[in-house]
Amino acid sequence: MAETVTHHRELLAERDAHAPVAHPDHATNTGISNTKLAMWLFLASECLLFGGLITTYLLYKHPLPGSGPGPHDVFDIPFTSASSFVLLMSSLTMVLAVSAIERGDHHRLRVWLVGTALLGATFIAGQVYEFTVFYNEGLGYTTSRFSSAFYTLTGFHGVHVTVGIIMLVSLVLLSLRGRLPEHRSETVEIVGLYWHFVDVVWILIFAVVYLIP
Amino acid sequence: MALTESRPLALPSGEPTEVEFHPIGVFERPKSKRGWRSWLTTVDHKKIGIMYGAAALFFLLIAGSEALLIRAQLWSPRGTLLSADAYNQVYTMHGTTAVFLVVMPLGAAFANYLMPLQIGARDVAFPRINAFSFWCFLVGGIFLNTSWFLGGGADGGWFMYAPNNGVLYSPSHGIDFWNLGLIMTGIGSLTGAINLIVTVLNMRAPGMTLMKMPVFTWMTLVTQFLLLFAIPVLTTAQFLLLFDRLFDANFFNVAQGANPLLWQHLFWIFGHPEVYLMILPAFGLVSEMLPVFSRKPIFGYPFIVFSGVAIGFMGWGVWAHHMFVSGIGPISVTTFSLTTMFIAVPTGVKILNWTATMWGGKLRFTSPMLFSIGLILMFTLGGLSGVSHSIAPADTQQTDTYYIVAHFHYVLFGGAFFGFMGALYFYWPKVFGYMLDERIGKANFWLLLAGFNLTFAPMHVLGLQGMSRRVYTYDAGFGFEIWNKVATIGAFTIATSVLLFIVNIFLSRKRAKDLPPPGADPWDARTIEWMVPSPTPEWNFDPIPTIERVDDFWYRKYGEDENGNLVRVAETDEVVQHSDGKGVHLPSPSYWPLVTALGLPIIGYGLLYTWWLCLIGGLVVVAGLYGWAMEPPDDPDAAHGDEHGPDDETLEGAELPTREPAAVAAAVEEQEAETVG
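Being a predicted model, the structure only gives us computed values, none of them experimental.

**Student:** Give a description of the overall build of chain B that names residues and reports values.
**Tutor:** From N to C terminus, chain B includes 22 helices and two strands. In chain B, buried positions account for 59% of the 677 residues. Looking at chain B alone, contacts between residues at least 24 apart form 81% of all its contacts between residues at least 6 apart. Accessible area of chain B: about 26500 Å², with a carbon and sulfur share of 68%.

Okay, structure coming up:
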């Protein structure tokens, strides 16, 4: 008995000493890196944020009679469709950027990142233009329950796109300074996750806000 | 153009760039791990856990004082201590402080300190984000409480129902402070949740599968998932309210056809999971303490884990039981009545498991054990009155009376707080290296138990007699006087027992100088956090243990003979770690999480008073983030030629150039130019 016990203890000590986890970042239990998993979790929680805002919009989409314009008095669906198309195309350029860095093509990476940022900026410019037109047609932020809900929902999305553009520009700057080598391509991929998420949310918002009568 | 061969514009990649880093001035990382400055810059999960605990105890004194004010006001009919307005502020801030600044951070304190230790990790996944989470919580809490000096606290109840939360009914800035302060603590909770979930899922010691994790770690995981999904809903609701109050939006403006029920739905979709995320950490802690003091493994480990997970899921399906009298309609009421009854099942499973754990065990009635048993008893009582609330017709009578005040205090004070108190006694030696006095601890327990029951048991009676909650006074002649007096005496008894705990801390510390140190394993415990010396060294484990089964540490000490009896196979001293931590490198401290978080309240004050403060706050946040990203790299690999990573193993046979320390450092610098977290 005593012998086996001693043996057991030695085994335990040996086992601990050779545990391949001195640096937890080298291998994770799930095989997904910490940063990528964190981004997935963050996006999961963002679903609830937009869920709350979309629900609020659905509840308030019709203003009380006589309290300013309603959704289909102001919406210019062809215009918004065009800017939605621009935003969706930016997901394509984002994919191309990720693929470029995985191939080690740093020139193309920067081209596609700048392209994605420009497409995003075009979308934001479209939103600013749209808001200005709506305002001139008498739809201020405080006009009705519909106007508050509409501007808050689309505004939150716009802020998210803007943050995404800042991240894309930071990536370009990092790449220009040589701080974005292939083995860190995951950074681009993670920003891509965020960017695709913002696009997917826009598909929902576009459908719910503009298309459903 | 051949992409892979000639890349004229491509910068050197793959192979390390020889970039020398010359940190200047503020960009230099703080190095000191001692002194008060180290607490401001720490990224060590243990120090952050201690700070969460200290801040929570500080806010406990505030919330407790507010509770005593309430009870003093209700001592006699037509009390005149507080005006109606002041009373509204005091009970609102009591609830808010107790929920967001005491119970939640106590859970965070234990999660931060214990969870990485229980899974055998060096730290959490993102140490600097961890510090940032704490500072967000602290600045949010302080910001919220500064409202007392700037025109009065929030006065709409911690649930802040619309339309009472509008400018019309609450013109002071109190509710704005409530909104902004809780958005700040919310940022902290959300980043903390992401951090802790990643840590549990990704950083477990070898061999520790999910079903070998300690129960507390499991409950932390469930809790953090609840936070992850609940906090954004509250934040949404708070933004809507904030825009209503500051920018005249119409979300809760009934004149514009707004629906006040929107607030209730959003609030309780957050608020009910919130209840479970307050109680689950305490459940986890009790599941750690009971087996130790019963000298038996936890009964039905998979059941206790899965009932926790089930509570987590089902917590989302019961929010409308807070709204039975708000006119949501008979179908909703029936549905939520049923789901609420069902959620009693997994909770009952846990009670059964704890009882069965004690059954036939060699019980030791230490202070942690007493508090654990107290939790089981008090929580069971609270659970029973909870079932009576799930019956909609009964709830219609009980809601908004003191009966429900009694119910949720039995659940959250008798449940969560008893668990945390027990765990404070249990883990104190591990954290601070000295034991809390057992005799004072027992006195503390009995006083708390007596005071608690004196305070809240009579409230059941008061509620059934029809005394309304949230009303600043009552008239004589309804039979309320006697029970209110009992409750007030009870509240002051609770205060005495909390003071006794604080006395215990200082007295035991003084006495401990003459006593032998408690050692790594003072309770003969089961889980691996007891394998490291007390107080826990900064590097946690060296080496990281390999886990074979649940309660791995216990089975390193004890085995079974042929008859299945418990026999000691090793002395505790042989299985605990004796390491000086040489060769273990940890992330350096950093100023930036604190700087970034300090920008938030400045933005908050700016929104309420003057816009240029917003600008300054925004600049502080941006500067903080910039400093954070540009901080000189600091990588554990840099200083020691680490040769046991998986990469090195594959390279072992090959002829490797000797790795000069400088080259290694440069390589690492390049790789980890922006250390995450």
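**Student:** Tell me about the packing of helix 14 (residues 438-465) of chain B against helix 15 (residues 481-512) of chain B, and please be specific about residues and values.
**Tutor:** Residues and elements named next belong to chain B. Where helix 14 meets helix 15, the closest approach of the two axes is 8 Å, and the angle between their N-to-C directions is 160°. Classified by the interaxial angle, the pair formed by helix 14 and helix 15 is roughly antiparallel. Crossing handedness for the pair helix 14 and helix 15: left-handed. Split into classes, the residues belonging to the contact of helix 14 with helix 15 amount to 18 nonpolar, eleven polar and two charged.

**Student:** I'd like a rundown of the pattern of salt bridges, residues and numbers included.
**Tutor:** Residue and element names in this part refer to chain B. Going through the model one piece at a time under the given rule, you end up with 16 salt bridges over all chains. A salt bridge links K46 to D44, with the shortest nitrogen-to-oxygen separation between them at 3.2 Å. Here K46 and D44 have matching classes, each one buried. For R470, the salt bridge is made with D400, and the minimal N-O distance between the two is 3.1 Å. Remark: D400 occurs in the loop between helix 12 (392-398) and helix 13 (402-432) and R470 occurs in the loop between helix 14 and helix 15; sequence separation between them is 70 residues. When salt bridges with common partners are traced through the structure, they connect R295, D521, D524, K557 and R568 into a single cluster.

**Student:** Help me get a handle on the packing of aromatic side chains, residues and values and all.
**Tutor:** Residue and element names in this part refer to chain B. Under the criterion given, the structure shown has 75 aromatic pairs over all chains. Residues F110 and Y427 carry aromatic rings whose centres are separated by 6.4 Å and whose planes lie at 55° to one another, so their mutual orientation is tilted. Here F110 is found in helix 3 (residues 84-118), whereas its partner Y427 is found in helix 13, with 317 residues between them in sequence. In this structure, F110 and Y427 share a single accessibility class: buried. A cation sits over an aromatic face here: R526 above W554, 4.3 Å from the ring centre. One residue, R549, lies across the ring of Y555, its end atom 3.6 Å from the ring centre.

**Student:** Can you explain the confidence of the model for chain B? Please cite residues and give values.
**Tutor:** All names here are of chain B. Mean pLDDT over chain B works out to 89, with 89% of the residues at or above the 70 mark. The model gives residues 636-677 a pLDDT under 50, and that stretch makes 61 contacts with residues more than four places away or in other chains. Confidence estimates for the predicted assembly give a pTM of 0.90 and an ipTM of 0.90.

**Student:** An account of the packing of helix 2 (residues 45-73) of chain B against helix 15 of chain B is needed here, citing residue identities and associated values.
**Tutor:** Residue and element names in this part refer to chain B. Running from N to C, helix 2 and helix 15 point in directions that differ by 160°, and their axes come no closer than 9 Å. Taken together, the axes of helix 2 and helix 15 lie roughly antiparallel to each other. Crossing angle aside, the handedness with which helix 2 passes helix 15 is left-handed. Residues L57, L60, L61, L68, R71 and A72 of helix 2 form the contact with helix 15, whose own contacting residues are N484, A487, T488, A491, F492, A495, V498, F501 and I502. Classifying every residue of the contact of helix 2 with helix 15 by side-chain character gives twelve nonpolar, two polar and one charged.

**Student:** Quick rundown of helix 7 (residues 261-294) of chain B? Include the residues and the values.
**Tutor:** Residues and elements named next belong to chain B. For helix 7, with 34 residues, the first-to-last C-alpha span of 48 Å sits near the 50 Å given by 1.5 Å per residue. Of all bends in helix 7, the biggest is about 30°, found at W268. Residue R295 follows helix 7 closely and has a positive phi angle near 50°.

**Student:** Explain empty space enclosed by the protein residue by residue, including any values.
**Tutor:** All names here are of chain B. Summed over the entire model, instances satisfying the criterion amount to six cavities of 30 Å³ or more. Its volume calculated, the largest cavity comes out at about 290 Å³. Lining the largest cavity are 24 residues, with M104, P105, A108, S189 and L227 positioned closest to its centre. If you list the elements that add at least two residues to the lining of the largest cavity, you get helix 3, helix 4 (127-146), helix 5 (174-202), helix 6 (215-247) and helix 7. For the lining of the largest cavity, the element with the highest residue contribution is helix 3, accounting for seven residues. Its residues assigned to classes, the lining of the largest cavity comprises 13 nonpolar, eleven polar and no charged. If you add up the space inside the second largest cavity, you get close to 100 Å³. The wall of the second largest cavity is formed by P214, V215, S287, E288, P291, V292, I298, Y301, R526, T527, V550 and D551. A per-element tally of the lining of the second largest cavity places helix 7 first, with four residues.

Scoring rules and cut-offs
Chains are numbered independently. Their residues run from 1 in the order of the written sequence. To read the labels, note that chains go from A and ligands from 1, taken in the order they are written. Local features are withheld for residues below a pLDDT of 70 in this predicted model, meaning they are given only at 70 or higher, and side-chain atom pairs are given and counted only at 80 or more; totals for whole chains, interfaces and linings count all residues. With hydrogens and water excluded, all non-hydrogen atoms of the structure serve as input to the side-chain values. Comment: elements are numbered from the N terminus, with helices defined as DSSP H or I runs of at least four residues and strands as E runs of at least two. Three labels apply to residues, based on accessible area from a 1.4 Å probe with only protein chains included: buried if under 20% of the type maximum, exposed if over 50%, partly exposed otherwise in between. Contact criterion: two residues are considered in contact whenever any of their non-hydrogen atoms come within 4.5 Å of each other. Surface accessibility follows the Shrake-Rupley procedure with a 1.4 Å probe radius. Residue values consider only the protein chains on display as shielding. Lines fitted to C-alpha atoms define the axes here, with helix axes fitted over just the stretch in contact, and angles between the N-to-C directions of these axes take values from 0 to 180 degrees. In these notes the angle categories are as follows: under 35 degrees is roughly parallel, over 145 is roughly antiparallel, 65 to 115 is roughly perpendicular, and the rest is oblique. Definitions for this section: a left-handed crossing has its near helix turned counterclockwise from the far helix by less than a right angle. A right-handed crossing has that turn clockwise. In this count, Pro and Cys sit with the nonpolar residues alongside Ala, Val, Leu, Ile, Met, Phe, Trp and Tyr, while Asp, Glu, Lys and Arg are called charged and the others, Gly among them, polar. By salt bridge we mean one thing: a side-chain nitrogen of Lys or Arg within 4 Å of a carboxyl oxygen of Asp or Glu. Two aromatic rings, drawn from Phe, Tyr or Trp (for Trp, its six-membered ring), form a pair once their centres lie within 6.5 Å of each other, and the interplanar angle then sorts them: stacked below 30 degrees, edge-to-face above 60, tilted otherwise. Only when the NZ atom of a Lys or the CZ atom of an Arg is both within 6 Å of the ring centre and within 35 degrees of the ring normal do we say a charge sits over the ring. pLDDT runs from 0 to 100 and stands for how confident the predictor is about each residue. Between the first and last residue of a helix there are one fewer steps than residues, each counted as 1.5 Å, and that sum is the expected span. Take the seven residues that end at a residue and the seven that start at it, fit an axis to each, and the angle between those axes is the bend at that residue. Points on a 1 Å grid over protein atoms alone make up a cavity when a 1.4 Å probe fits among them but cannot get out, and a pocket when they form an open set with protein on both sides within 12 Å along at least five of seven lines; lining residues each have an atom within 4 Å of a point. Grid points are joined across faces, edges and corners, and a volume is the space filled by probe spheres set on the points.

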